[in-house]
Amino acid sequence: MSNHILSSIQNRIGFITLDRPKALNSLSLEMVRNITATLLQWQENDEVAAVFIHSSSEKSFCAGGDIRFFYDVGTATPKGDSALLEDFFSEEYALNHLIHFYPKPYVALLNGVVMGGGMGIAQAGKNCRLRIVTERTKMAMPEVNIGLFPDVGGSYFLARSPGEIGTYLGMTGDIINAADAMYAELADVYIPTTALTTLMDLLRTTNSDDIRVLIREFATQYADQAIPEQSTLAKNRAAIDLHFAGKDVKKVLQSLALDQSEFGLQASALMQKRSPLLMAVTLEQLRRGADMTVAECLRMERTMVRHCFKHGEVLEGVRALVVDKDNAPRWSPATQELVDESLILGFFEPVWPDYAHPLRDLL
């Protein structure tokens, strides 16, 4: 196995540990492949009754895909192995699909930073998932900050958050805490970090038929420490639903401009920093995703990411944030007024015939 992915089986639980702390566990292609291989092996192994994925570091569960890799490979020639970019997204999205439909309980401990690709390996389907958050959780889908869109199944899980919360999170890239995550239905239970050692000891000794039941019962004693109904998202829910309705980013910005509350000002300020084009693409993506299956969403995203690198917006975003670190991306178009419908719809145009799509076999 990769030295960034550790795996073991203890008490019929398959433990996957992300162990790339210096990079906040950012996912490389090798890590994606190793997680996939482990899960495929364990789904056929009667000695594994459940999966528990976590990090070796309290700072980060997973900060997303390795965006420096995206830049280096995205600007390479075929001789420079530029095809690795295609491999990464095809295999990452296939892993997201595998996790969503995993046939055994899949528990994710989202301690620390959980963003982008980290959300993709955390947001399993309703039938198998349990998502644990802590006081250290910093959750986001911040792709619009680098000229990308909320991928790894974001079309599906953000579109199914209550009201317009998923739209708000996808278009602003805002970072939320544990209570917010539970309110947004992106997490299930709260357990403080001081109790994690006890939880892990319990998992290694339990006779429970379903560790999700055990963990939920264990978490009840901490329920008053992170109350979804008292979260920032809950307090701003009416404003979020008002401003982020519809399919037109210009109208969203106009609505926010009339809101001089702290929330309205902060949301406006965030959106002024994001890619105008990719905010519009994200809004279209989430509206489409609301009526799609997981497989359809991932196929759509695979098409979109191809267009994204061809356009170059994501390469400029990563340049500004990670390569040159000037935090001054030259977005194209530079303003929302210059974004027209044809530019938006171009990101959804088929790249491959259906029979040749890299994710054509997902059901």
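Here the structure is shown first, and the text comes after it.
A brief look at the structure comes next. (Residues numbered from 1 in each chain as written. Predicted model: local features only at pLDDT ≥ 70, side-chain atom pairs only at ≥ 80, totals over all residues. Heavy atoms only, no water.)

## Remarks on the overall build of the chain
So, point 1. Along the chain, the regular secondary structure elements total 17 helices and nine strands.
So, point 2. Expected size for 363 residues packed as a compact globule is a radius of gyration near 21 Å; at 20 Å, the chain falls within 12% of this value.
So, point 3. For the chain, the spread of C-alpha atoms along the three principal axes comes to 60 × 55 × 40 Å.
So, point 4. In the chain, once contacts between residues fewer than 6 apart in sequence are set aside, the share between residues at least 24 apart is 76%.
So, point 5. Approximately 15,600 Å² of the chain is accessible, and the part contributed by carbon and sulfur atoms is 50%.
So, point 6. Taking the average location of the 34 positive side-chain charges in the chain and that of its 45 negative ones, the two points are 2 Å from each other. (Helix = DSSP H or I, 4+ residues; strand = E, 2+ residues; numbered from the N terminus. Rg over C-alpha atoms; globule rule 2.2 N^0.38 Å. Contact = heavy atoms within 4.5 Å. Areas by Shrake-Rupley, 256 points an atom, 1.4 Å probe, with all protein chains shown as cover. Lys, Arg positive; Asp, Glu negative; His and termini not counted. Charge placed at Lys NZ, Arg CZ, Asp CG, Glu CD.)

## Notes on the side chain of serine 268
So, point 1. Checked against the element boundaries, serine 268 lands in helix H13 (residues 262-273).
So, point 2. A polar atom in the side chain of serine 268 sits 3.0 Å from the backbone oxygen of glycine 264.
So, point 3. Excluding residues that lie within four positions of it along the chain, serine 268 makes contacts with Leu256 and Ala257. (Polar contact = N/O pair within 3.5 Å; in protein donor to acceptor, adjacent residues only side chain to side chain.)

## A look at the pairing of strand S5 (residues 106-110)
So, point 1. Of all five residues in S5, five are buried, a share of seventy percent or more.
So, point 2. Covered by surrounding structure in S5 are Tyr106, Ala108 and Leu110 together with Val107 and Leu109, the residues of both alternating faces.
So, point 3. The sheet contact formed by strand S3 (residues 50-55) and S5 spans three bridges and is parallel. Of the residues in S5, the one forming a bridge with valine 51 is tyrosine 106.
So, point 4. In terms of strand pairing, S5 meets strand S7 (residues 129-133) through five bridges, oriented parallel. (Buried < 20%, exposed > 50% of the residue type's maximum accessible area, 1.4 Å probe, protein only. Pairing = 2+ DSSP bridges.)

## What to know about the nonpolar core
So, point 1. Leu39, Phe52, Ile121, Ile191, Leu203 and Ile215 are the most contacted members of the largest nonpolar core, which totals 118 residues.
So, point 2. Apart from the residues within four sequence positions on either side, leucine 203 is in contact with Asn11, Ile13, Phe15, Phe52, Ile211, Leu214 and Ile215. (Core = buried A, V, L, I, M, F, W, Y, C linked by side-chain atoms within 4.5 Å.)

## Digging into the pairing of strand S1 (residues 5-10)
Successive side chains on a regular strand alternate, one facing one side of the sheet and the next facing the other.
So, point 1. Sheet topology note: the S1/strand S2 (residues 13-18) ladder contains six bridges and is antiparallel. Its bridge partner being in S2, serine 7 is matched across the sheet by isoleucine 16.
So, point 2. Linking S1 back to S2 in an antiparallel pair, the connection comprises two residues, with asparagine 11 at a positive phi of about 55°.

## Examining the packing of helix H2 (residues 67-74) against helix H16 (residues 313-323)
So, point 1. Where H2 contacts H16, the two axes come as close as 10 Å, and the packing angle between them is 125°. It follows from the interaxial angle that H2 and H16 lie oblique. When the axes of H2 and H16 are compared, the crossing they make is left-handed. The residues of H16 that touch H2, namely those facing Ile67, Arg68, Phe70, Tyr71 and Gly74, are Leu315, Val318, Arg319, Leu321, Val322 and Val323.
So, point 2. Residue composition of the contact of H2 with H16, grouped by class: eight nonpolar, one polar and two charged. (Axes fitted to C-alpha atoms, helices over the stretch in contact; angles between N-to-C directions. Parallel < 35°, antiparallel > 145°, perpendicular 65-115°, else oblique. Left-handed = near helix turned anticlockwise from the far one by under 90°. Nonpolar A, V, L, I, M, F, W, Y, C, P; charged D, E, K, R; others polar.)

## Focus on the side chain of serine 231
So, point 1. In this fold, serine 231 is placed in the loop between helix H9 (211-219) and helix H10 (232-235).
So, point 2. Overall, the relative accessible area of 3% leaves serine 231 in the buried class.
So, point 3. In this structure serine 231 touches Ala179, Asp180 and Tyr183, once residues within four positions along its chain are discounted.

## With respect to the pattern of salt bridges
Side chains bearing opposite charge may pair, as long as their charged atoms lie close to each other.
So, point 1. Summed over all chains, the structure comprises 15 salt bridges.
So, point 2. Among the salt bridges present, the one from glutamate 164 reaches arginine 287, with a minimum N-O distance of 3.1 Å. Here arginine 287 lies in helix H14 (residues 276-289) and glutamate 164 lies in the loop between helix H5 (154-157) and helix H6 (165-172), a separation of 123 residues in the sequence.
So, point 3. Judged by its relative accessible area of 17%, glutamate 164 falls in the buried class.
So, point 4. A salt bridge links arginine 288 to glutamate 284, with the shortest nitrogen-to-oxygen separation between them at 2.7 Å. Separated by four residues within a single helix, arginine 288 and glutamate 284 lie in helix H14, roughly one turn from each other.
So, point 5. For arginine 288, a relative accessible area of 30% gives the class partly exposed.
So, point 6. In this structure, a network of salt bridges that share partners links the residues Glu316, Arg319, Asp324 and Asp326. (Salt bridge = Lys/Arg side-chain N within 4 Å of Asp/Glu carboxyl O.)

## A short note on unusual backbone geometry
So, point 1. Of the consecutive residues serine 332 and proline 333, the connecting peptide bond is found in the cis state with omega at 0°.
So, point 2. Checked against the element boundaries, proline 333 lands in the loop between H16 and helix H17 (341-346).
So, point 3. In this model, asparagine 11 sits at a positive phi of 55°, which is unusual for a non-glycine residue.
So, point 4. Classification of asparagine 11 as partly exposed rests on a relative accessible area of 32%.
So, point 5. The phi torsion at leucine 24 lies on the positive side, around 55°, for a residue other than glycine.
So, point 6. Locating leucine 24 in the fold gives a position in the loop between S2 and helix H1 (29-43).
So, point 7. By relative accessible area, which is 28% here, leucine 24 ends up partly exposed.

## What about the environment of threonine 220?
So, point 1. Secondary-structure assignment places threonine 220 in the loop between H9 and H10.
So, point 2. Classification of threonine 220 by relative accessible area gives exposed; the value is 56%.
So, point 3. For threonine 220 and arginine 160, which are 60 residues apart along the polypeptide, the C-alpha to C-alpha distance reads 25 Å.
So, point 4. Polar contacts involving the side chain of threonine 220 include one to the main-chain carbonyl oxygen of glutamate 217, which spans 2.7 Å.

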